[in-house]
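Survey of secondary and tertiary structure
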Amino acid sequence: MAWLSRWESGVVVESKKQPELKATLAEALCSLAELLLNHSEELEKVQEEAESLVKAALEADPSSPEPLQVMASLRNEQGRSEEALQSLRASLAMWMHLGEGDPMTAEAELPSYEFRCETVKLLLDLDDTTEVALSVLDSMLMEDDSNPDVWYLNALAHHGACHFDEAKECIESGLKVVAGLSLVDPELAGAKTAEFQELCSAVEESKLKMEEEDEEEEEEDEDEDMGEDE
């Protein structure tokens, strides 16, 4: 009965490998879907194939947040914002809580840094508030504060929330990180510097506009009070 023991051992090994194989398959299918979406000039020509790939990834590994996030990207490209946000929130629900425990354990279990950058970009595009995006960004900066893109996204999120001073602080921190890149990759550093400067101008413009609107409201309130007194 040695053959039976070998067969049973093989079954055990394959069953142990199965979750890993499913995860690898789901990741590969998502990569193919993203490749189609990112390199096609016409969404209509690839959206059905991309959706089929994402659905196959969901079936292969239902526990992975990646297929749901790719689905959110697809729905967003299709202009189906509500469905996109629904898929994104379902993806977030799978891993957001992991950051609440031990930092070392959480870092090992959380999706990749790049994945979470894409999460934030989608949140800023789809969500009416920036609370969740800022929460994700805060945990990312605690993990690694040397990525200029994360500082840029943080500034962008604060700008969207009308936290203008916080946005400018993030821009300053990002520019310091970019300065460190100048010796390694001057061209990249120059491009990143221009992005931060453009965002800084937008923040200052928004802040000035809000201050002017506040002043106008105060003047209107004063005029109303004077009218009532008369």
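In what follows, the accompanying structure is described. Here, residues in each chain are numbered from 1, in the same order as that chain's written sequence. With pLDDT at 70 or above as the cut-off, local features in this predicted model cover only qualifying residues; side-chain atom pairs require 80 or more to be listed or tallied, and sums for whole chains, interfaces and linings still use all residues. In computing side-chain values, all of the structure's heavy atoms are included and hydrogens and water are not.

Turning our attention to the overall build of the protein. The secondary structure listing takes helices from DSSP runs of H or I that are at least 4 residues long and strands from runs of E that are at least 2 residues long, numbered from the N terminus. Helix and strand counts for the protein stand at 10 helices and zero strands. Here the protein holds 230 residues, and the buried ones make up 32% of them. Three exposure classes are used, based on accessible area relative to the maximum for each residue type with a 1.4 Å probe and protein chains only: buried under 20%, partly exposed in between, and exposed over 50%.

Right, let's talk about the packing of helix H3 (residues 66–77) against helix H6 (residues 113–126) for a bit. Every axis corresponds to a line fitted to the C-alpha atoms, with the helix fit spanning only the stretch in contact, and the corresponding angles, defined between N-to-C directions, vary from 0 to 180 degrees. For the pair H3 and H6, the least separation of the axes is 11 Å and the interaxial angle reads 40°. In this structure, H3 meets H6 at a crossing whose hand is left-handed. Listed contacts from H6 to Glu66, Gln69, Ala72, Ser73 and Asn76 of H3 are Phe115, Glu118, Thr119, Leu122, Asp125 and Leu126. Just so you know the grouping, Ala, Val, Leu, Ile, Met, Phe, Trp, Tyr, Cys and Pro go in nonpolar, Asp, Glu, Lys and Arg go in charged, and all remaining residues, Gly too, go in polar. Looking at side-chain class alone, the contact of H3 with H6 contains four nonpolar, four polar and three charged residues. Crossing handedness follows the turn of the near helix against the far one: under a right angle anticlockwise gives a left-handed crossing, and clockwise gives a right-handed one. It only takes one pair of heavy atoms within 4.5 Å for two residues to be counted as in contact.

Positive phi outside glycine occurs at cysteine 162, with the angle close to 65°. Considering the arrangement of structural elements, one finds cysteine 162 in the loop between helix H8 (148–160) and helix H9 (164–181). Residue classification places cysteine 162 among the partly exposed residues on the basis of a relative accessible area of 38%.

To estimate the expected span of a helix, subtract one from its residue number and multiply by 1.5 Å. Taking 1.5 Å per residue, 14 residues should reach 20 Å; H6 reaches 20 Å between its end C-alpha atoms and fits that length. Taken residue by residue, H6 has Tyr113, Phe115, Arg116, Cys117, Thr119, Val120, Leu122, Leu123 and Leu126 as its buried positions.

This part takes up a negative patch on the surface. Residues Glu211, Glu212, Glu213, Asp214, Glu215, Glu216, Glu217, Glu218 and Glu219 make up a contiguous surface patch of negative charge. Relative to the elements of secondary structure, glutamate 211 occurs in helix H10 (residues 186–229). The class of glutamate 211 is partly exposed, set by a relative accessible area of 39%. Patch membership requires more than 30% relative accessible area and the absence of a salt bridge. Residues of like charge join within 9 Å; the nonpolar side chains Val, Leu, Ile, Met, Phe, Trp and Tyr join within 5 Å. Note on areas: these come from Shrake-Rupley sampling with a 1.4 Å probe, and a residue is covered only by the protein chains present in the view. By definition, a salt bridge exists where a carboxyl oxygen of Asp or Glu is found within 4 Å of a side-chain nitrogen of Lys or Arg. For the charge count, each Lys or Arg is scored as positive and each Asp or Glu as negative, with His and the chain ends excluded. A single reference atom marks each charge: NZ on Lys, CZ on Arg, CG on Asp, CD on Glu.

The contact between helix H7 (residues 131–143) and H8 brings their axes to 10 Å, and the two run at 150°. In this view, H7 runs roughly antiparallel relative to H8, as classed from their interaxial angle. The two elements H7 and H8 cross, and the hand of that crossing is left-handed. Contacts between H7 and H8 involve Leu134, Leu137, Asp138, Met140 and Leu141 from the first element and Val150, Trp151, Leu153, Asn154, Ala157 and His158 from the second. For the contact of H7 with H8, a count of residues per class yields eight nonpolar, two polar and one charged. In what follows, roughly perpendicular refers to angles from 65 to 115 degrees, roughly parallel to angles under 35, roughly antiparallel to angles over 145, and oblique to any angle outside these ranges.

Another point: the pattern of salt bridges. According to the stated counting rule, one finds 11 salt bridges in the structure shown. Here glutamate 42 and lysine 45 are joined by a salt bridge, their closest N and O atoms 3.6 Å apart. Relative accessible area serves as the criterion here: at 40%, glutamate 42 is assigned to the partly exposed category. For aspartate 165, the salt bridge is made with lysine 207, and the minimal N-O distance between the two is 3.1 Å. One end of the pair, aspartate 165, is in helix H9; the other, lysine 207, is in helix H10, and 42 residues separate them in sequence. Look at lysine 207 and you get partly exposed, because its relative accessible area is 29%.

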